[in-house]
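# Residue-level structural notes
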Amino acid sequence: MKALTALLAAGLALGAGSTTRADTGRDVHSYAEPDKVVTEHIHLDLDVDFAAKQLRGSATLSLKRIASGDNQLVLDTRDLTISKVEAAAPNGAFAPTPFTLDKADPALGSALRITLPADAKSVKVTYASSPTASGLQWLSANQTAGKKHPFMFSQAQAIHARSFIPLQDTPQIRVTYSAVVRTPKELRAVMSADNDASQPTNGEYKFKMPQPIPSYLIAIAAGDLAFKPMSARTGVWAEPVTLDAAVKEFEDTESMIVAAEKLYGPYVWGRYDLLILPPSFPFGGMENPRLSFITPTVIAGDKSLVSLIAHELAHSWSGNLVTNATWRDLWLNEGFTTYVENRIMEEIYGRDRALMEQTLGRHDLLEDFAKVDEKDRALAIDMTGRDPDEAFSRVPYDKGAALLFYLEDKYGRDKFDAFVKGYFAAHKFKTLTTEEFIAYADKELIKKNQRGIKLPKLKEWIYQPGLPEDAPQPESPAFEAVDKQLASFTSGKLAANKIKAKTWTTHEWLRFLNGFADKPTVAQMQALDAAFKLTQTGNNEIAHVWLRAAIKADYKPAFPRLEQYLVSIGRRKLVIPLYNLLAQTPANKAWAIEVFKKAEPGYHPLTIGSAKKELGLN
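Residues numbered from 1 in each chain as written. Predicted model: local features only at pLDDT ≥ 70, side-chain atom pairs only at ≥ 80, totals over all residues. Heavy atoms only, no water.

### Structural notes on unusual backbone geometry
Geometrically, the link from Q157 to A158 is a cis peptide bond, its omega value of 5 degrees lying close to zero. As for its placement among the helices and strands, A158 is situated in the loop between β10 (151–154) and β11 (174–182). Positioned with a positive phi, K147 is a non-glycine residue whose angle comes to about 65 degrees. Within the fold, K147 resides in the loop between β9 (136–139) and β10. When its relative accessible area of 49% is taken as the criterion, K147 is described as partly exposed. Phi angles above zero are rare outside glycine, and R290 is one such case at about 75 degrees. Inspection of the secondary structure puts R290 in the loop between β18 (285–286) and β19 (291–294). When its relative accessible area of 12% is taken as the criterion, R290 is described as buried. (Helix = DSSP H or I, 4+ residues; strand = E, 2+ residues; numbered from the N terminus. Buried < 20%, exposed > 50% of the residue type's maximum accessible area, 1.4 Å probe, protein only.)

Laid out in structure tokens, this is it:
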């Protein structure tokens, strides 16, 4: 924190000039002033009101003064109704204190400016969230798996925590937190904290998160939830109708933790549980500590998509333990996590599967290179004046991981494993800028080893767009046979019903369909569908690529399934590319707008915004 605070004094307005090497530690997405006051603990006292679609109550922030004599605390908010602010006297009694709420910025929300008495060490903000809070989704009973009770969940990354808690919403500040949450008596609340599965469902729940975490990892959900353990320290929370299938699918979670600990040191968070959310969840998963939020779209029945669990678990080291200082540095979270995920998958499922997943990741990266501006093909990108959600392409994930695989190859796995393990240990519960990582890598990896690379090569990877000429090109031997059959099929030499696909894994199907989906014909679609019933596949990843091909070929028999897919799933990775393709012809765009109108009530605000952008509805 001390290394960063000196860089923050220039101001935090979204449009405050371009980011230079001298001010890369500034968080341009927060109004907070951590060079003056830092929050150390937050206590939440909240009512979950499903009828009003609001969280109501108070947030009490325990403060540490950094600059003596400063009498103002600046918090981030978005669409919060602030009814009262109080400051605590030395005897602990709270008394009202003046506050103002700035005019809202479309991306950042409003700065809440609180007058701090000289002796105040905590403030209490009484507030209510908006029914349209960007970080919360409220689902009716009919929009859940069980169809009996409503459901609410949060999604705070990147800067959405401020839409349901007034706080210093920057990854540069880590806080512990506690909470009392009241719900309708038939529902259970859970948080990214210590969830007590033995507590009866009685409408009031207490939580503690003893380790300091950044604000984007504070998470809450409430619904008809049951729990089932998978090991002494892992388990699943889910709606009762989903619980058993999830436990079966994710039963290897404990083995994943053991594998990660072997490579990178102890798991420090106590429990690692999974919360299976309704299908409207906009992401594959969210690494909230102690309770990762997971989409049900990865419950395939054959463990073929469990790399997502490995990814969210890997965040327990990269991201949750060692955190990007600003959203410009997102690759430090996601690149390391994607690399660690693949190493976990290799330990559990073998080298062949890990190579297939690396290869598919490279394909996804090259696809995104074609979609994003050249400047966004670098790892450290200028986010000034931009919504931080725009940083979330495949670039920080897969290019970041490619850099680490490159370093592993240059230094050897043993030395690189030791470096990564040391990196996590040295920066435990800290935040890091890209430049601080470069300095650490230069000292602990480059200068300590004769074999390897020079510092300019590391900087080329980080600051230059695209991939260096000597970037690794992963290739799975298992895909060679797939590619041969694909070439024979697309050239007309091999009939669809003669393709030897009975033993293909999900990854082999994805390889085949990714290659096929570039220029599919209706005849080819008909033949494949007749042979393999791909329109009806229950694997959501395979369905996604198949439906992309259906749109490109204008294969109308798949459009009822396409509509059902778009209406029933809210995961952005799976639905937004489909809207993008549909929007490219007037007829399909008009059809997609009608489908979107049906789907919108069940979509998360993030998915709604992305879909509207693709369909020109903003």
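Structure shown, so let's carry the discussion forward.
### Re the sheet that holds strand β12 (residues 188–191)
Strands sit in the order β9-β10-β14-β12 across an open sheet of 4 strands; the sheet is antiparallel. Every interior strand has two partners, whereas the edge strands, β9 and β12, have only one. The sheet shows a mean angle of 15 degrees between the axes of neighbouring strands, direction not considered. (Pairing = 2+ DSSP bridges. Axes fitted to C-alpha atoms, helices over the stretch in contact; angles between N-to-C directions.)

### Details of helix α14 (residues 540–553)
With 14 residues, α14 ought to run about 20 Å at 1.5 Å a step, and its terminal C-alpha atoms sit 20 Å apart, in line with that. Of all 14 residues in α14, 13 are buried, a share of seventy percent or more. Measuring from the side-chain oxygen of the N-cap residue of α14 to the backbone nitrogen of E541 gives 3.0 Å; that N-cap residue is N539. Positive backbone phi, at 55 degrees, marks D554, one or two positions downstream of α14. (Expected span 1.5 Å × (residues − 1). Polar contact = N/O pair within 3.5 Å; in protein donor to acceptor, adjacent residues only side chain to side chain.)

### What about the pairing of β12?
Both faces of β12 are covered, namely the face carrying R188 and V190 and the face carrying A189 and M191. As defined by bridge partners, β12 adjoins strand β14 (residues 220–223) across 4 bridges and the pair is classed as antiparallel. Residue pairing for β14: M191 is matched across the bridge by I220.

### So, the environment of P184
Structurally, P184 is set in the loop between β11 and β12. For the pair P184 and A300, spaced 116 residues apart in sequence, the C-alpha separation works out to 32 Å. Those residues in contact with P184 that lie beyond four places of it in its chain are V48, F50 and G203. (Contact = heavy atoms within 4.5 Å.)

### Digging into the pattern of salt bridges
Considering all chains together, one arrives at 41 salt bridges under this definition. In this structure, K228 engages D244 in a salt bridge whose closest nitrogen and oxygen atoms are separated by 2.7 Å. Of the two residues, K228 sits in strand β15 (residues 226–229) while D244 sits in helix α2 (residues 240–249), which places them 16 residues apart along the sequence. Overall, the relative accessible area of 36% leaves K228 in the partly exposed class. Residues participating in the shared-partner salt-bridge network are R343, E346, R351, E408, R413 and D417. (Salt bridge = Lys/Arg side-chain N within 4 Å of Asp/Glu carboxyl O.)

### Concerning the pairing of β15
The pairing of β15 with strand β16 (residues 234–238) spans 4 bridges and is antiparallel. In the strand pairing of β16, K228 is matched with V236. Where β15 folds back onto β16 in an antiparallel hairpin, the turn is made up of 4 residues.

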